[in-house]
Amino acid sequence: DNGMLRLTKQDHETHEVVKWGGQDVSRELPWQPVFVPEPYNEKEDAGVLLSFVRDQPTGDTFCVVVNTETMEECARIHFPEGHHIPLHGHGTWMQGDL
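One numbering rule holds for all chains: residues counted from 1, following each sequence as written. pLDDT decides what is reported in this predicted model: residues at 70 or higher carry local features, side-chain atom pairs at 80 or more are listed and counted, and totals for whole chains, interfaces and linings draw on all residues regardless. The side-chain quantities take in all heavy atoms of the structure and omit both hydrogens and water.

## A closer look at the overall build of the protein chain
Consideration 1: Check the secondary structure of the protein chain and you find zero helices and six strands.
Consideration 2: What you see in the protein chain, going N to C, is helices and strands ordered as β-β-β-β-β-β.
Consideration 3: Here the protein chain holds 98 residues, and 24% of them are scored as buried.
Consideration 4: In this description, contact between two residues means that some pair of their heavy atoms is separated by no more than 4.5 Å. The long-range share in the protein chain, meaning contacts at least 24 apart out of those at least 6 apart in sequence, stands at 35%.
Consideration 5: Total accessible area computed for the protein chain in this model is approximately 7,000 Å², and 52% of it derives from carbon and sulfur atoms. Secondary structure is summarised from DSSP: a helix means a run of H or I of at least four residues, a strand means a run of E of at least two, and numbering begins at the N terminus for each. Three labels apply to residues, based on accessible area from a 1.4 Å probe with only protein chains included: buried if under 20% of the type maximum, exposed if over 50%, partly exposed otherwise in between. Accessible areas in this description were obtained via Shrake-Rupley with a 1.4 Å probe; residue shielding takes into account the shown protein chains only.

So this is what it looks like as structure tokens:
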């Protein structure tokens, strides 16, 4: 993957690595993934992974929802064109009137 950031899961017993298959590694940069477990399910990978993804050529951002059992994409939530979420993804305190 030439050092590209990827959404992956690894089985620590078998060392199998499964990647989010829907990612276009030539342009999509995922960051800040959050695991949301499926309620009342005992399987450790039952749930979804939410991650912001930046389209590098355009600077646009979307949120991807990935099934963590299969690492298949479930949905994309697109933000308006030109709407950029900073890569750090955290809030910023700005004192005073904006």
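Still more ground to cover, so stick around.
## Thoughts on the pattern of salt bridges
Consideration 1: The term salt bridge refers to a side-chain nitrogen of Lys or Arg lying within 4 Å of a carboxyl oxygen of Asp or Glu. Enumeration over the complete set of coordinates arrives at five salt bridges.
Consideration 2: The residue lysine 9 makes a salt bridge to aspartate 45 at a minimum N-O spacing of 2.6 Å. With lysine 9 in strand β1 (residues 8-10) and aspartate 45 in the loop between β3 (28-37) and β4 (47-55), the pair connects residues that are 36 residues apart, well separated along the chain.
Consideration 3: For arginine 76, the salt bridge goes to glutamate 28, with nearest N and O atoms at 3.2 Å. Of this pair, arginine 76 sits in strand β6 (residues 72-78) while glutamate 28 sits in strand β3; the two residues are 48 residues apart in sequence, bridging distant segments of the chain.

## Section: the sheet that holds β3
Consideration 1: The strand order across the open sheet formed by four strands is β3-β4-β5-β6, and the pairing between neighbours is antiparallel. Looking at strand neighbours, the two that pair on one side only are β3 and β6, the edges of this open sheet. Neighbour to neighbour, the strand axes of the sheet diverge by 25° on average, direction disregarded.
Consideration 2: Pairs of strands are assigned from DSSP output, requiring at least two bridges between the strands. Note that β3 and β4 share eight bridges and pair antiparallel. The angle between two axes is taken between their N-to-C directions and runs from 0 to 180 degrees, where each axis is a line fitted to C-alpha atoms and a helix contributes only its stretch in contact.

## Topic: the pairing of β4
Consideration 1: With seven bridges connecting them, β4 and strand β5 (residues 61-67) associate as antiparallel partners. In the sheet register, leucine 49 faces β5, and the bridge partner there is valine 66.

## Some thoughts on the nonpolar core
Consideration 1: One finds Leu7, Trp20, Leu49, Val53, Phe62, Val64, Val66 and Met71 forming the largest nonpolar core, which totals eight residues.
Consideration 2: Counting residues per element, this core draws most heavily on β5, at three residues.
Consideration 3: Setting aside anything within four residues of it in sequence, one finds phenylalanine 62 in contact with Glu28, Ser51, Phe52, Val53, Arg76, Ile77, His78 and Phe79. We define the nonpolar core as a collection of buried residues of types Ala, Val, Leu, Ile, Met, Phe, Trp, Tyr and Cys that are connected through side-chain atoms lying within 4.5 Å of one another.

## With respect to the packing of aromatic side chains
Consideration 1: For this analysis, a ring pair means two rings from Phe, Tyr or Trp (six-membered ring only for Trp) whose centres lie within 6.5 Å, classed as stacked if their planes differ by under 30 degrees, edge-to-face if by over 60, and tilted for the remaining angles. Tallied over the entire structure, the rule returns two aromatic pairs.
Consideration 2: With a centroid separation of 6.2 Å and 45° between ring planes, the pair formed by phenylalanine 52 and phenylalanine 79 is classed as tilted. Of this pair, phenylalanine 52 sits in strand β4 while phenylalanine 79 sits in the segment after β6, and the two are 27 residues apart along the sequence.
Consideration 3: Feature note: the residues Trp31, Phe52 and Phe79 constitute an aromatic cluster, connected by ring pairs.

## Description of a negative patch on the surface
Consideration 1: Residues with no salt bridge and a relative accessible area higher than 30% make up the patches, which join like charges within 9 Å and nonpolar side chains (Val, Leu, Ile, Met, Phe, Trp, Tyr) within 5 Å. Neither His nor the chain ends is counted toward charge; the positive residues are Lys and Arg and the negative residues Asp and Glu. In this description, the location of a charge corresponds to atom NZ of lysine, CZ of arginine, CG of aspartate or CD of glutamate. Together, Asp11, Glu13, Glu16 and Glu44 make up a region of like negative charge exposed at the surface.
Consideration 2: Relative to the helices and strands, glutamate 13 is located in the loop between β1 and β2 (17-19).
Consideration 3: Classification of glutamate 13 by relative accessible area gives exposed; the value is 72%.

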